[in-house]
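Here are the chains, one letter per residue:
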Amino acid sequence: MRLIKNNDNPINDIKIINQIRALGIDMINEAGTGHPGITLGAAPILYSLYAKHIRINPMNPNYYNRDRFIMSAGHGSALLYATLYMAGFDLEIDDLKSFRKINSKTPGHPELGVTPGVDMTTGPLGQGIATAVGFAMAEAKLREKYNKHSKNLIDFNTYVLCSDGDLMEGVSYEALSLAGLNKLNKLIILYDSNDITLDGSKDLSFKEDIQMRFEAIGFNYIKVLDGEDYNAISKAIDDAKKSTDKPTIIEVKTTIGKYSAYEGTNKIHGAKLSEEDTTNIKEKLKVRDITFNVSSDTIEDFQYLINERCQNVEDEFNKKVENLPEDIKSELQFLMGNDKAIPFKELQYNEPEDSIESPRNTSSKILNSIVKDNPYMLGGSADLFASNKTYIEDGGDYSSKNYLGTNIYFGVREHAMGSILNGLALCGFRVYGSTFLAFSTYLFPAIRMAAMLNLPIIYIFTHDSISLGEDGTTHMPIEQLTQLRAIPNVEVYRPADANEVIGTYKTVLKKSKGVSVICLSKTDLPILENAKANEIQNGAYILKDSNRKMDGIIISTGEEVHSALEVAKRLEIKGIDVRVVSMPCMEKYLAMNDDYKEEILPVGVRKIVIEAGISMPWNRIVFNDKYLITLDKFGLSGSREDVYKKFGFDVDSLEEKVENLLK
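Here we summarise the structure given alongside this text. As the structure is a computational prediction, the values presented were derived from the model and not from experiment.

Thoughts on helix α14 (residues 326–336)
Moving on, step 1. If you check which residues of α14 are buried, you get Ile 328, Lys 329, Glu 331, Leu 332, Phe 334 and Leu 335.
Moving on, step 2. Elements that come into contact with the buried residues of α14 comprise α6 (127–146), α13 (313–322) and β11 (430–436).

With respect to the sheet that holds strand β19 (residues 607–610)
Moving on, step 1. Strand order across the open sheet formed by five strands is β16-β18-β17-β19-β20, with mixed pairing between neighbours. Strand pairing shows two members of the sheet lacking a second neighbour, β16 (541–544) and β20 (628–629), which therefore form its edges.
Moving on, step 2. Of the pairings in the sheet, the one linking strand β17 (residues 552–556) to strand β18 (residues 578–582) comprises five bridges and is parallel in character. Counterpart to Gly 552 in the pairing with β18 is Val 578.
Moving on, step 3. Across the face of the sheet, helix α21 (residues 560–573) comes into contact with β16, β17, β18 and β19 while running at roughly 170 degrees to β18.

Quick word on the packing of aromatic side chains
Moving on, step 1. For the coordinates displayed, the defined rule picks out 14 aromatic pairs.
Moving on, step 2. Ring plane angle 70 degrees and centroid distance 4.9 Å describe the contact between Phe 385 and Tyr 409, whose orientation is recorded as edge-to-face. Taken together, the positions of Phe 385 in helix α16 (residues 385–388) and Tyr 409 in strand β10 (residues 407–409) put the pair 24 residues apart, joining distant regions of the chain.
Moving on, step 3. Taken together, the aromatic side chains of Tyr 47, Tyr 230 and Phe 302 make up a single cluster linked through ring pairs.
Moving on, step 4. For the cation-ring pair, Arg 68 lies above Tyr 64, with the distance from its terminal atom to the ring centre recorded as 5.3 Å.
Moving on, step 5. The side chain of Lys 657 reaches across the aromatic face of Phe 649, ending 5.9 Å from its centre.

Definitions and cut-offs
Residues numbered from 1 in each chain as written. Predicted model: local features only at pLDDT ≥ 70, side-chain atom pairs only at ≥ 80, totals over all residues. Heavy atoms only, no water. Buried < 20%, exposed > 50% of the residue type's maximum accessible area, 1.4 Å probe, protein only. Helix = DSSP H or I, 4+ residues; strand = E, 2+ residues; numbered from the N terminus. Contact = heavy atoms within 4.5 Å. Pairing = 2+ DSSP bridges. Axes fitted to C-alpha atoms, helices over the stretch in contact; angles between N-to-C directions. Phe/Tyr/Trp six-rings, centres within 6.5 Å; stacked < 30°, edge-to-face > 60°. Lys NZ or Arg CZ within 6 Å of the ring centre and 35° of its normal.

Everything listed here is a matter of coordinates, which is why it stays silent on function.
Rendered as structure tokens:
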């Protein structure tokens, strides 16, 4: 008991904590599934955070300068939902009763946009804590940029509740290493340290010295020995907020499944409780053994604690925004708004005199022209700036000495790059990240999360072909295009030349939501006279048409388009008239109406695909595998010419194959 209200009734912290616990286990029992272990064990952590620290407005959970909370241990969703309900967010008891049921506000793991007060979709361990680094990077950049115009305009903390599993996942270490390097002092991690994993004792798989590990990467470390001591937890958070040059991890020693017959064991991690155990737990908690029974006093007291701290925070923020200079206010409104289309009139591009340029170099020119004029754009590379050509000249380097920098050095941390981009995007930035296409698999889980959240992130993947040659099998992308095309809400672009690169950026930048992947060749390629930038928005278009009745259609993407054109030219001399269709974005084409599809790829005309990658996705367009000139095996090391010839993608081999198919 501590705070005295106006009516002189003391607030009973323990009673509120236990009410949260009781609601959480009621939800799990009602659903017949869930995770009571963390709900019972970590309730004092969430109570301390929400009652005494986190800056929020439950009436408007998305106001911009709020503190962010990420339940990285997403299996603790029942604990979070019970806390949010008690805190006054837009949740009813019926929502708690619908836990894990279809179309409810309370899904099995937290989902952004579904439950008020949830700042990030979590569940795959490691993703939440890694994304939180992106939130903290965004805050640091915003703070440095805008607080000179208005004191403390942007100053939100990013809080995370994580588990042992989060810290075992490699992506967390990748991302937290960057957090320490960049001195993201407003990142505060609450570590539910209960020494148990799903399989048993944590020591079976994880026995690191957490203090040494985190101090080594530039974190403050604080330990709370008793997870029931909400005052000690609160003091630790206070101490963490005082840090000016380091992020902080607070290790809270908890007991999984506290008060259960199975407390302290892996049996309580993820299974509903028996009736007897539930009754005994509620007796120990001094809570009435009535399902979803909530004391109105505990709700009022909890909300009183929050409202006393937070009642004016949004109004104060809005007043500061209104008093900003118009140009600065406009920038901030873009970041706070939902329309993420990038305004531009024309993309600045200077064509080389010899009209030969690699798509990655064209991309570099376009990206530089756009980012310099748009302060809400930033991004970087996984230690491949020189190869990906994504460095922004005069953009500055993001670091603890210059949070205004545009170029983020992610280092060899592809997965963390993807997760951090998600956090930056959730703070309103238009972001991009780059690596080799073959290495995109490293950040696949983060891309999948971005797609679930429908974030307008741009991934720029270069070295997209077996034409890499000497780099060999490991660097040659084969299955990656198929993997990326398989993800919902993702559009994969593979432009053939400079014109198509320009058209790709125009199309992508007009999007307000949805992931875009741009795959680019490193090979110097002719700029095609008939390539049409404005047709990229349709996904496919006629690059070269037949002169008479069509004998067939070649469909191709990227670098292989040039070979397809040469094949068509040679066959024309032989009296075989072929249309060439460039299909830089399969997803865009498949979304077009039937009339357009019939115009480009009319029924009854034989169609042949040329693409040096897995054949699988092309079965949606060409229904006979013999017409797919694709590659369903890994590459080999050798010169570009030898590799092409080995796998039948040299022009001579392609000409023979196409001719035989059309005869």
